[in-house]
Amino acid sequence: MIGHSNILIVVVFAIMAMLVSSPAGAEPGPVEFNRDIRPILSAKCFQCHGPDENSREADLRLDIAGDPHGPFSREDGAVINPGDVEDSELWRRVSADDEDTMMPPPASHKKPLTDPERQLVKAWIEQGAKYQPFWAFIPAKPQEPPVVEDAAWNVNRIDRFVRKRLAQIERTPKENTDKRTLIRRVTLDLTGLPPTPEEIALFLQDHSPDAYEKLVDRLMATPQYGEHMARYWLDLVRFADTNGIHHDHYREMTPYRDWVIRAFNSNLPFDDFVRYQLAGDLYEDPTTDQLIASGFNRLHLVIDVGTALPEESFVRNVVDRVNAVGTAFLGLTVGCAVCHDHKYDPITQRDYYRLFAFFNNIDATPETPGARVHHPSIRLPSDQQQLELDRFVEAIANTKETLSSLKEQSATKEQIEAAEKAVKAAQKKHDDFESTLPVSLVMKERAEIRPAHILRRGAYDQPGDEVQRGTPDFLPPLISAGETKTRMDLANWLVDAQHPLTARVTVNRIWQQFFGVGIVRTSEDFGMQGEWPSHPALLDDLAVTFIQSGWNVKELVKSIVTSETYKQTSKASLEEYRSDPANRLLARGSRFRLDAEVVRDQFLATSGLLNREMYGKSVKPPQPPDLWKSVSMVSSSTYAFKADEGDKIYRRSVYTFWKRALPPPQMTIFDAPTREACIARRERTNTPLQALVLMNEPEYFKATVHLAQRVLDVPEERRLQHIFELLTARELNEREAEVLANALDGFRAMYKSDLAAAERLTAELPDASDERCVELAAHAMLINSIYNLDITKTRN
């Protein structure tokens, strides 16, 4: 049935699809160690000549200049003679072609340096081989924004850095995009939902100088802003509704997700956002929100008792916590130091287990198989539920009082037994009701601190030297407020103004949300294996101003989306796309495919099905049957999938039940992660499967039929324009209108000749006349085709 439309869909694709993207050139100026040389040495040399002294060869370390033997030296002398290439052993080795001399050696399985890489090394030595400490491990310094000639680009600090960089390579930015594209872009970026035709019209009619700023303020004040911002954080902290691993049992953590949404909507300062999550339970009198937030420490995968020894399970949980902190706040791959010193970054195994010592003191017993609650936890009744709970407590007290009176009055055995049964019954009613209350896992410290040891090769049963709580030596020292360092001290250390990583990592991830790629592309790795920033001074300026603003997330977001950089059109020539496919230079507006949740929510919002109810338990929209059974043990509490019913299935995707072993396929086909690990950036692919989902997935197609019903009430002369504006925020031009009108006529003719197909497609509307069935089917197929267009699933 749907296949009949393929030819027409191809026609619409041909008219509407836009060109896609290709890397920016090198920065001008002299060769720099951090930008040009360190990435080469890190990729090709650090494994044998880097931080890990156990694997270091020839007593040579190339990741730091301050070696005991001098810069880039070993006991028998320096390997670099600044200014003299021919007298530099390093050059002799990396430029050699014979296997006995060349570096890296063939046995390392590293590729030799390319010719451009060799020329960079040669130029660097010729220019004096100046060393630079690693940029990301130095505190960000205040930057003086450059003054640029373009007046419009001389207002926002972001624009001044971007415009200066473009001027250096003789490039000019693009003009602002049109208002329709801009409102769709910023509405999707700030709320994850498309603008309505009414909202578009209001924006187009507002000709005041601050019209766009008012739009941004309005969008950030909507509750949908927090729902959308939370989604990125939930990826980062691997939030899910199941434990993962073998049984993948259900567990209750949804209050944490709801707290994250509220935190973004209330603009909780990011330093407090960090403190609440790392150490919310350690406040003197913690609020409910602070306790819920401490559940960050409980989001790890869980190995149930009986699957692994409790000791192994405990260690793996702590390791998962440490790695999460490393990714979410430090932007480092600290997990590489579980078994040995890090091969590339100056993180020793001892450093790792000093961090481990902050998180191994949880007051908890091994996880019970199948339980939705793993203590420590808190119950979170609503006001009404608390009243009901109080009544149950009162009933228990009354039955106990009755029992005591009977005993005092020497009542009969039968009377006492009846009273005892009444107490048990009242207690059971209380317990049964309490088990239905919302609950959230939290963090809780043991009174007696559990010792921590370096684990030899990372094995849980191979403890080595005991270590105390601490942080890596290459970062600023941690100052403790008391005799014993605590997770609160660690949180305060992370948000200290002199910490070089936390603010940089955070602003980079937020930048990534709006441009598709971070200033540092490797947003999960700010270490030696990470990428050099496309705009280093801008990154530092964003980090410093973010701290100075009081870690104000909304202020940061507003500064980004109100910049001229953000407002540029994404239209560019083929050559411009080829020269900078990822738009690292920011010479145009960014363009990328919408994330899975936004694709689904757009279907629901534009079709009129979206249920905007916020918070509460995760919901299960329909999916193909028996998928869960294929990845679950029969004993798992998530063995069999049962879809929710009613309008629950139309709630926003942020509330969708996330089973780690098999997340919703509508999401994963569009590159949503499993959330078994912390994900700082999603990959974006374009596959035929994605088009097939949009065309054939029953719930998506149900949305198209629902929208078709709605648009039949629109006068026919305005109907195509209304549909296209609703789905794309654009107006049809003459050629596009002609193509769509022809497509609609084609669908009408097809369904008039195959009325049974039209009836099947509109089966949920049994009372519709033949004529209405044909119209509904034809419009549904046209809408389905438009949903599949590049312009609809792409953020331009």
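Residues numbered from 1 in each chain as written. Predicted model: local features only at pLDDT ≥ 70, side-chain atom pairs only at ≥ 80, totals over all residues. Heavy atoms only, no water.

(A) Layout of the overall build of the chain. The helix and strand tally for the chain stands at 32 helices and 8 strands. Radius of gyration (C-alpha) of the chain: 30 Å, near the 28 Å computed for a compact globule of 796 residues. For the C-alpha atoms alone, the extent of the chain along its principal axes is close to 95 × 90 × 50 Å. Counting across all 796 residues of the chain, residues that qualify as buried make up 54%. (Helix = DSSP H or I, 4+ residues; strand = E, 2+ residues; numbered from the N terminus. Rg over C-alpha atoms; globule rule 2.2 N^0.38 Å. Buried < 20%, exposed > 50% of the residue type's maximum accessible area, 1.4 Å probe, protein only.)

(B) Quick look at helix 12 (residues 270-279). Within helix 12, 9 of the 10 residues are buried, which leaves the element mostly enclosed by the surrounding structure. Those residues of helix 12 lying buried are Phe 270, Asp 271, Phe 273, Val 274, Arg 275, Tyr 276, Gln 277, Leu 278 and Ala 279.

(C) Here's a closer look at the packing of helix 19 (residues 502-515) against helix 20 (residues 536-548). The contact between helix 19 and helix 20 brings their axes to 9 Å, and the two run at 110°. Relative to helix 20, helix 19 is oriented roughly perpendicular. Two secondary-structure elements touch here, helix 19 through Ala 503, Arg 504, Thr 506, Val 507, Asn 508 and Trp 511 and helix 20 through Leu 538, Leu 539, Asp 540, Leu 542, Ala 543, Phe 546 and Ile 547. Tallied by class, the residues present in the contact of helix 19 with helix 20 amount to 9 nonpolar, 2 polar and 2 charged. (Axes fitted to C-alpha atoms, helices over the stretch in contact; angles between N-to-C directions. Parallel < 35°, antiparallel > 145°, perpendicular 65-115°, else oblique. Contact = heavy atoms within 4.5 Å. Nonpolar A, V, L, I, M, F, W, Y, C, P; charged D, E, K, R; others polar.)

(D) Broad picture of the nonpolar core. In terms of nonpolar packing, the biggest core is built from 144 residues, with Leu 190, Trp 233, Tyr 256 and Trp 259 touching the most fellow members. Residue contributions to this core peak at 9 residues, all from helix 14 (residues 310-330). Beyond its immediate chain neighbours, meaning those up to four positions away, Trp 233 contacts Tyr 256, Val 260, Phe 264, Phe 270, Phe 273, Gln 277, Ala 328, Phe 329 and Arg 509. Residues Ala 743, Ala 758, Val 774 and Leu 789 belong to the second largest nonpolar core, which totals 55 residues. (Core = buried A, V, L, I, M, F, W, Y, C linked by side-chain atoms within 4.5 Å.)

(E) A look at the packing of aromatic side chains. Applying the stated rule across the entire model yields 33 aromatic pairs. Ring geometry for Trp 135 versus Trp 532: centroids 6.2 Å apart, planes at 80°, classification edge-to-face. Of this pair, Trp 135 sits in the loop between helix 5 (115-126) and helix 6 (157-168) while Trp 532 is found in the loop between helix 19 and helix 20, placing the two residues 397 residues apart along the sequence. Looking at Trp 532, the relative accessible area reads 19%, which means it is buried. Seen from their ring centres, Phe 239 and Tyr 256 are 6.4 Å apart, and the 20° between their planes marks the pair as stacked. Residue Phe 239 is found in the loop between helix 10 (223-236) and helix 11 (254-265), and its partner Tyr 256 is found in helix 11; the two are separated by 17 residues along the sequence. Of the residues examined, Tyr 256 reaches a relative accessible area of 0% and is grouped as buried. The ring centre of Phe 203 lies 4.4 Å from the NZ or CZ of Lys 179, which sits over that ring. Here the guanidinium or amino end of Arg 675 rests over the ring plane of Trp 658, the centre of that ring lying 4.6 Å away. (Phe/Tyr/Trp six-rings, centres within 6.5 Å; stacked < 30°, edge-to-face > 60°. Lys NZ or Arg CZ within 6 Å of the ring centre and 35° of its normal.)

(F) The pattern of salt bridges, seen in detail. Applying the stated criterion to the full structure yields 56 salt bridges. Of the charged contacts, one joins Glu 725 and Arg 180 as a salt bridge, the two residues approaching to 2.8 Å between their closest N and O atoms. Of this pair, Glu 725 sits in helix 28 (residues 716-728) while Arg 180 sits in helix 7 (residues 179-191), and the two are 545 residues apart along the sequence. Judged on exposure class, the residue Glu 725 and its partner Arg 180 are both buried. Taken together, the shared-partner salt bridges in this structure form one network comprising Arg 231, Asp 235, Asp 595, Glu 597, Arg 675, Arg 682 and Arg 684. (Salt bridge = Lys/Arg side-chain N within 4 Å of Asp/Glu carboxyl O.)

(G) Spotlight on a negative patch on the surface. On the surface, a cluster of negative charge is contributed by Asp 84, Glu 86, Asp 87 and Glu 126. Position of Glu 126 relative to the elements: it lies in helix 5. Assessed through its relative accessible area of 45%, Glu 126 is described here as partly exposed. (Patch = residues over 30% accessible without salt bridge, like charges linked within 9 Å, V, L, I, M, F, W, Y side chains within 5 Å. Areas by Shrake-Rupley, 256 points an atom, 1.4 Å probe, with all protein chains shown as cover. Lys, Arg positive; Asp, Glu negative; His and termini not counted. Charge placed at Lys NZ, Arg CZ, Asp CG, Glu CD.)

(H) Expanded view of the confidence of the model for the chain. Scored by pLDDT, the chain has a mean of 91; 95% of the residues are at 70 or more. Note that residues 1-25 has pLDDT below 50 and, in this model, 60 contacts with residues that lie over four places away or in other chains. (pLDDT = per-residue confidence, 0-100.)

(I) Representation of the side chain of Gln 666. Inspection of the secondary structure puts Gln 666 in helix 25 (residues 665-668). Of note is the side chain of Gln 666, whose polar atom sits 3.3 Å from the side chain of Glu 697. Apart from the residues lying within four places of it in its own chain, the contact partners of Gln 666 are Ala 596, Pro 622, Gln 623, Glu 697 and Tyr 700. (Polar contact = N/O pair within 3.5 Å; in protein donor to acceptor, adjacent residues only side chain to side chain.)

(J) Layout of helix 20. Helix length check: helix 20 (13 residues) gives 18 Å between terminal C-alpha atoms against 18 Å at 1.5 Å per residue, within 8%. Residues of helix 20 that are buried include every one of Leu 538, Leu 539, Asp 540, Asp 541, Leu 542, Ala 543, Val 544, Phe 546 and Ile 547, and no others. Against the buried residues of helix 20 lie helix 6, helix 12, helix 19 and helix 21 (553-561). Gly 550 sits one or two positions beyond helix 20 and adopts a positive phi of about 85°. (Expected span 1.5 Å × (residues − 1).)

(K) Broad picture of the state of the cysteines. If you walk through the whole model with that rule in mind, you get 0 disulfides. The closest cysteine sulfur to the non-disulfide-bonded Cys 678 is located on Cys 336, 14 Å from its own sulfur. Residue class for Cys 678 comes out buried when judged on its relative accessible area of 17%. (Disulfide = S-S within 2.5 Å.)

(L) Main features of the environment of Gln 666. Gln 666 sits in the buried class, given a relative accessible area of 9%. Taking C-alpha positions, Gln 666 is 8.2 Å from Glu 697, a pair spaced 31 residues apart along the chain.

(M) Spotlight on the environment of Ile 560. With respect to the helices, strands and loops of the structure, Ile 560 is situated in helix 21. If we skip the residues at most four places from it in the chain, Ile 560 touches Ile 158, Ile 510, Trp 511, Phe 514, Phe 515 and Tyr 566.

(N) Up close: the side chain of Ser 607. Within the element layout of this structure, Ser 607 appears in helix 24 (residues 596-607). Owing to a relative accessible area of 0%, Ser 607 belongs among the buried residues under this scheme. One polar contact links the side chain of Ser 607 to the main-chain carbonyl oxygen of Leu 604, over a distance of 3.1 Å. At 3.4 Å, the side chain of Ser 607 forms a polar contact with the backbone nitrogen of Leu 609. Leaving out residues up to four positions away in the same chain, Ser 607 has contacts with Ala 703, His 706, Leu 707, Arg 710 and Tyr 787.

(O) View of the packing of helix 19 against helix 21. Running from amino to carboxyl end, helix 19 crosses helix 21 at an angle of 40°, the nearest separation of the two axes being 11 Å. Between helix 19 and helix 21, the angle is such that the two are oblique. Read as a crossing pair, helix 19 and helix 21 show a hand that is right-handed. Facing helix 19, whose interface residues are Val 507, Ile 510, Trp 511, Phe 514 and Phe 515, helix 21 presents Val 553, Leu 556, Val 557, Ile 560 and Val 561. The class makeup of the residues in the contact of helix 19 with helix 21 is 10 nonpolar, no polar and no charged. (Left-handed = near helix turned anticlockwise from the far one by under 90°.)

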